[in-house]
Amino acid sequence: MENSASAAPATRALATEAVHAGRDDLARLGLHAPPLDLSTTYPSYDAAQEAERIDAFAATGARLDGPPVYARLDNPTTARFETALARLEGAQDAVAFASGMAALTAVLLVRASQGLRHVIAVRPLYGCSDHLLAAGLLGTEVTWTDPAGIAAAIRPDTGLVMVETPANPTLAEVDLAAVRHACGSVPLLVDNTFATPVLQRPLESGARIVLHSATKYLGGHGDVMGGVVACDDEFAGQLRQVRFATGGVLHPMAGYLLLRGLSTLPVRVKAASASAAELASRLRAHPQVTRVHYPRVGGAMVSFEVQGDPREVIAAVRLITPAVSLGSVDTLIQHPASISHRIVAESDRHSAGVSDRLLRLSVGLEDVDDLWGDLHQALSAQTPRSVNHRSSGVRQPSAPAVR
Ligand code: MET
């Protein structure tokens, strides 16, 4: 199997890479679907050779030639996903983890283990990313700033600058080239979960590290949890060493599903983005909506602020799924102040522009008029305050006719 991200030709378009990257050897193997390797360990009669291979991994963290010794070092199915995602992001390599938070944790641990404990970050970030930094759970120390304050915040022990653009949940964007310039020699990490490499490739703007919650658009169907970091070979080796030591590995079945998800990523993102742009424009004209956030880069996320209680809109949707998370084929809506950003202190939420009246919509692949019909009725609905998701006065709609 070809594990190297540079094995495929450099000239294929993103849509072609999405289908073929990480699968270039399959026809030669006589396979169509990628093999799913569930091994936790890999037998060898040559203990001396295994010792050498473990020493080699300990030295650089580079992928071993041949079987991975043990599943916490590597996995061939997951490696295909890593190869494919690296190609899509234009990175030398990628390293996958059990979740986006495990991926961010590994990045922070790599830098902290080098004595670079200070992180500069721009709010808003996803609520748990914010919390991980703000609480200093990993022994790091954070300075929050806006992009203009990055250069002045750099210290001798600064190991990372972190931004998320478009940001969760306000969809605020930063100018990556300007931020990269302000970082000087400090590595810039960009959380690219919302844009995906279909709309934005931060490494082209000089970022060194790209982070994804793969649970979202990369998987794309709400049935797989994972995280991935795209970066250069050197940093990927350090991440693999941390992953081996701390154990936040992606399950091979998740690696399989994520590789499958990548093959439809461009068509999913483009279709959902077209609907999202349309919904953003219809929301702007709705009398109950006071503000709509839709990023310049595009994408399938829309956030909007409402006149009344946003939780009443959540209670009133019938087609749209009232759930946190994003990037699935179905449209999801959630109230950041109640769920995704609940763990961020209220004053920090507010100063980051996360209003209590903000709703976050992840637009899926349904017909845009059906989505608008549901949003429109939910915005107009007067839901009794006693309704909640357990006692549920929720009507189950009878199956509608297909237009
Ligand atoms: C546990 S809350 C959030 C999950 C996900 N990162 C989101 O923003 O929706």
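Basis of the calculations
Residues numbered from 1 in each chain as written. Predicted model: local features only at pLDDT ≥ 70, side-chain atom pairs only at ≥ 80, totals over all residues. Axes fitted to C-alpha atoms, helices over the stretch in contact; angles between N-to-C directions. Helix = DSSP H or I, 4+ residues; strand = E, 2+ residues; numbered from the N terminus. Left-handed = near helix turned anticlockwise from the far one by under 90°. Contact = placed C-beta atoms within 7 Å. Nonpolar A, V, L, I, M, F, W, Y, C, P; charged D, E, K, R; others polar. Buried ≥ 20, exposed ≤ 12 C-beta atoms within 10 Å, placed from the backbone. Pairing = 2+ DSSP bridges. Right-handed = clockwise from strand over helix to strand, strands pointing away. Near = placed C-beta within 6 Å. Domains from an automatic or database assignment. Core = buried A, V, L, I, M, F, W, Y, C linked by C-beta atoms within 7 Å.

Which residues make up the packing of helix H11 (residues 252-284) against helix H14 (residues 368-380), and what are the values?
Axis separation between H11 and H14 bottoms out at 10 Å; the angle between their running directions is 35°. Between H11 and H14 the crossing geometry is right-handed. For the pair H11 and H14, the contacting residues are Ser275, Glu278, Leu279 and Arg282 in the first and Val368, Leu371, Trp372 and Leu375 in the second. Residue composition of the contact of H11 with H14, grouped by class: 5 nonpolar, 1 polar and 2 charged.

Outline the environment of proline 400, listing residues and values.
One can find proline 400 in the segment after H14. You can call proline 400 exposed: it has 8 C-beta atoms within 10 Å.

Explain the pairing of strand S2 (residues 118-121) residue by residue, including any values.
Residues of S2 alternate between two faces, with His118 and Ile120 on one and Val119 and Ala121 on the opposite face, all of them buried. Examined bridge by bridge, S2 and strand S3 (residues 141-144) share 4 bridges and lie parallel to one another. Across the sheet, isoleucine 120 pairs through a bridge with threonine 143, a residue of S3. Regarding the hand of the β-α-β motif, the stretch spanning S2, helix H6 (residues 127-134) and S3 is right-handed. As defined by bridge partners, S2 adjoins strand S4 (residues 158-164) across 4 bridges and the pair is classed as parallel.

Outline the site of the ligand, supporting the account with residue identities and numerical values.
Near the ligand, the surroundings consist of Tyr126, Asn168, Ser213, Val324, Ser325, Leu326, Ile339 and Ser340. Split into classes, the residues belonging to the shell around the ligand amount to 4 nonpolar, 4 polar and no charged. Each of domain 1 (14-264) and domain 2 (266-380) contributes no fewer than three residues to the shell around the ligand.

Pulling in residues and values, what's your account of the nonpolar core?
If you look at the biggest cluster of nonpolar residues, it comprises 107 residues, and the most contacted ones within it are Val107 and Val229. Ranked by residues supplied to this core, first place goes to H11 with 13 residues. Apart from the residues lying within four places of it in its own chain, the contact partners of valine 229 are Ala94, Val95, Ala103, Val107, Ile209, Val210, Leu211 and Leu239.

Tell me about the sheet that holds S3, and please be specific about residues and values.
What the 7 strands build is an open sheet, ordered S1-S7-S6-S5-S4-S2-S3; its pairing is mixed. Sheet topology places strand S1 (93-97) and S3 at the edges, where each strand pairs with a single neighbour. When strand polarity is set aside, the average angle formed by the axes of neighbouring strands in this sheet is 20°. Sheet topology places strand S6 (residues 209-213) next to strand S7 (residues 227-231); 4 bridges connect them, and they run antiparallel. Residue pairing across strands places histidine 212 opposite valine 228, the latter belonging to S7.

Requested: an account of the domain arrangement of the chain, with residues and values cited.
For the chain, the assigned domains are domain 1 (14-264) and domain 2 (266-380). For domain 1 versus domain 2, the distance between C-alpha centres works out to 27 Å. Contacts between the two partners involve 30 residues from domain 1, matched on the other side by 30 residues from domain 2. Elements supplying a minimum of two residues to the side of domain 1 that touches domain 2: helix H1 (14-20), H6 and helix H9 (196-199). Here the element with the most residues in the side of domain 1 that touches domain 2 is H6; it accounts for 4 residues.

Explain unusual backbone geometry to me, and be specific about the residues and the numbers.
Of note, the bond from arginine 123 into proline 124 is cis; its omega dihedral lies within 30 degrees of zero at 0°. Along the chain, proline 124 turns up in the loop between S2 and H6. Omega for the bond connecting threonine 165 with proline 166 falls within 30 degrees of zero, at -10°, which places this linkage in the cis form. Turning to its location among the elements, proline 166 is positioned in the loop between S4 and helix H8 (176-183). Look at valine 69: it is not a glycine, yet its phi comes out positive at around 75°.

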